[in-house]
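Chain by chain, the residues:
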Amino acid sequence: MIQKTPQEIVLIKKACEITRDALIHAKSLIRAGISTFDIDKSIEKFIIDSGGETPCKGYMGYPSASCISVNEMIVHGIPSKNIILKDGDIVSVDIVASYKGYCGDATRTFLVGEVSEEKKRLVRVTKECFFKGIENARVGDRIGKISHAIQQHAESNGYSVVRELAGHGIGRKMHEPPEVLNYGKETDGAVIKDNMTIAIEPMINMGKKEVALLNDGWGVVTRDGKPAAHYENTVLFTTSGVEVFTLEKDDEYYSR
Ligand code: MF3
Ligand code: CO
């Protein structure tokens, strides 16, 4: 169901707290020299130790608890012992944790050591896209209100929006209706309903919007090889506003 019951919202919120804390844990591991495999293993242990589960593992054959995507990889990077972080990388860590059958989904793009100003700006603007997306969206608006604001902010900064991937409703399943595109018109998409939980996830390319799929069938990279960033939160819409369930408590942005 698109609209969640109060009992479901309690469980989704708990899943989101585990997801958020797993991202904070992941951030503490980020340094030149660590493999994405070791980061993933530590995330998996953190989620299990927190009383959660890792629905990505086994999902359509996906082998890991998290997706870890470096530089020109946009999403769905399979963690690997051969992928070693190095100074100047940007690394997107995408985590889904579940609790008593309900999911939370969030992503952060972290900086490894000294990162160029142009990559830092991409990461900052991608985060801003999320907040621009929720800023004016209310119950009764269309999802397109979010999508349009994301596209506007990305393109006005000279970046492009990935078309092949989107945000989504979330609950018992990690992907539920409605689809939450990162581009489009304000009048597009489903109507935002009271007690709807969705994952909003701008995926923004520094260069052109075109993507390519790796031979492993998962990793999505930019076709031009330029970097991409990703920022995702699970949010709850109610008639009193929007609450960002996976946001760090000390983040400089506030829910309303
Ligand atoms: N977390 C991704 C999303 O934001 C999906 C993960 S794909 C999986 O939708 F295969 F890893 F599960
Ligand atoms: Co998602």
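Going by the structure above, here's the rest.
Let me begin by describing the structure that accompanies this report.

Scoring rules and cut-offs
- Residues numbered from 1 in each chain as written.
- Chains lettered and ligands numbered in written order.
- Predicted model: local features only at pLDDT ≥ 70, side-chain atom pairs only at ≥ 80, totals over all residues.
- Heavy atoms only, no water.
- Helix = DSSP H or I, 4+ residues; strand = E, 2+ residues; numbered from the N terminus.
- Rg over C-alpha atoms; globule rule 2.2 N^0.38 Å.
- Buried < 20%, exposed > 50% of the residue type's maximum accessible area, 1.4 Å probe, protein only.
- Contact = heavy atoms within 4.5 Å.
- Lys, Arg positive; Asp, Glu negative; His and termini not counted.
- Charge placed at Lys NZ, Arg CZ, Asp CG, Glu CD.
- Near = heavy atom within 4 Å.
- Polar contact = N/O pair within 3.5 Å; in protein donor to acceptor, adjacent residues only side chain to side chain.
- Areas by Shrake-Rupley, 256 points an atom, 1.4 Å probe, with all protein chains shown as cover.
- 1 Å grid on protein atoms, 1.4 Å probe; cavity = no way out; pocket = protein on both sides within 12 Å on 5 of 7 lines; lining within 4 Å.
- Sits in = over half its atoms within 2 Å of the grid points.
- Pairing = 2+ DSSP bridges.
- Axes fitted to C-alpha atoms, helices over the stretch in contact; angles between N-to-C directions.
- Expected span 1.5 Å × (residues − 1).
- Parallel < 35°, antiparallel > 145°, perpendicular 65-115°, else oblique.
- Left-handed = near helix turned anticlockwise from the far one by under 90°.
- Nonpolar A, V, L, I, M, F, W, Y, C, P; charged D, E, K, R; others polar.
- Points joined across faces, edges and corners; volume = space filled by probe spheres on them.
- Salt bridge = Lys/Arg side-chain N within 4 Å of Asp/Glu carboxyl O.

**Some words on the overall build of the protein chain**
When helices and strands are tallied, the protein chain shows four helices and 14 strands. Here the C-alpha atoms of the protein chain give a radius of gyration of 17 Å, agreeing with the 18 Å that 2.2 N^0.38 yields for 256 residues. With the C-alpha coordinates aligned to their principal axes, the bounding extent of the protein chain is approximately 45 × 40 × 35 Å. The burial tally for the protein chain puts 56% of its 256 residues in the buried class. Within the protein chain, residue pairs in contact and separated by at least 24 positions form 70% of the contacts whose partners lie at least 6 positions apart. Taking the average location of the 33 positive side-chain charges in the protein chain and that of its 36 negative ones, the two points are 1 Å from each other.

**As for the site of ligand 1**
Taken together, the neighbourhood of ligand 1 is formed by 14 residues, with Cys-56, Asp-94, Asp-105, His-175 and Glu-201 sitting nearest. In this structure, Asp-105 approaches ligand 1 through a side-chain N or O atom, which is 3.0 Å from an oxygen atom. Here His-175 contributes a side-chain N or O atom positioned 2.7 Å from an oxygen atom of ligand 1. In the complex, 97% of the free accessible area of ligand 1, which totals 340 Å², lies under the protein chains. Using a 2 Å cut-off from the grid points, one finds that ligand 1 occupies the second largest pocket.

**Comments concerning the pairing of strand E4 (residues 102–111)**
Where a strand is regular, its side chains alternate between the two sheet faces. The buried count for E4 comes to nine of 10 residues, which makes it a mostly enclosed element. As paired elements, strand E3 (residues 90–99) and E4 share 10 bridges and run antiparallel to each other. Opposite Val-96, over in E4, you have Asp-105 as the bridge partner. If you look at the hairpin formed by E3 and E4, you'll find two residues sitting between the two strands, and Lys-100 has a positive phi there, around 45°.

**Some remarks on the sheet that holds strand E7 (residues 176–180)**
With antiparallel pairing, five strands are arranged side by side in an open sheet as E7-E6-E8-E13-E14. The open sheet has two edge strands with one neighbour each: E7 and strand E14 (241–244). Taken pair by pair, the neighbouring strands of this sheet meet at an average axis angle of 25°, ignoring direction. Both strand E8 (residues 196–200) and strand E13 (residues 233–238) contribute to a ladder of five bridges, which runs antiparallel. Residue Thr-197 lies in a different strand from E13, and its bridge partner there is Leu-236.

**Quick notes on helix H1 (residues 6–29)**
Here H1 spans 35 Å end to end across 24 residues, near enough to the 34 Å set by a 1.5 Å rise per residue. Those residues of H1 not exposed but buried are Glu-8, Ile-9, Ile-12, Ala-15, Cys-16, Ile-18, Thr-19, Arg-20, Ala-22, Leu-23, Ala-26 and Leu-29. Against helix H2 (36–49), E3, E4, E8 and E13 lie the buried residues of H1.

**A few points about the packing of helix H3 (residues 117–135) against helix H4 (residues 144–156)**
Helices that pack against each other are described as a pair by the angle of their axes relative to one another and the distance between those axes. H4 packs onto H3 with a crossing angle of 150° between their chain directions and a minimal axis gap of 8 Å. Regarding the angle of H3 to H4, the classification is roughly antiparallel. H3 and H4 meet at a crossing whose hand is right-handed. Side by side, H3 and H4 meet where Val-125, Glu-128, Cys-129, Lys-132 and Gly-133 of the first sit next to Lys-145, Ile-146, Ala-149, Ile-150, His-153 and Ala-154 of the second. Its residues assigned to classes, the contact of H3 with H4 comprises six nonpolar, two polar and three charged.

**Observations regarding the layout of surface pockets**
Left-over empty space is what a probe sized like a water molecule reveals as it rolls over the atoms. When its volume is computed, the largest pocket comes out at roughly 550 Å³. Lining the largest pocket are 20 residues, with Lys-27, Arg-108, Thr-109, Phe-110 and Lys-127 positioned closest to its centre. Those elements giving two or more residues to the lining of the largest pocket turn out to be H1, E4 and H3. The element contributing the most residues to the lining of the largest pocket is H3, with five residues. Across the lining of the largest pocket, the residue classes break down as eight nonpolar, two polar and 10 charged. Approximately 370 Å³ is the volume found for the second largest pocket. Along the walls of the second largest pocket sit 23 residues, with His-76, Leu-165, His-168, His-175 and Glu-201 positioned nearest its centre. Looking at the lining of the second largest pocket, its residues break down into 13 nonpolar, four polar and six charged.

**Examining the pattern of salt bridges**
Applying the stated criterion across every chain yields a total of 15 salt bridges. Here Asp-21 and Arg-20 are joined by a salt bridge, their closest N and O atoms 3.0 Å apart. Residue classification places Arg-20 among the buried residues on the basis of a relative accessible area of 10%. For Lys-57, the salt bridge identified is with Glu-44, shortest N-O distance 2.9 Å. Taken together, the residues Lys-57 in the loop between H2 and strand E1 (66–70) and Glu-44 in helix H2 connect sequence positions 13 residues apart. In this structure, a network of salt bridges that share partners links the residues Lys-41, Glu-44 and Lys-57.

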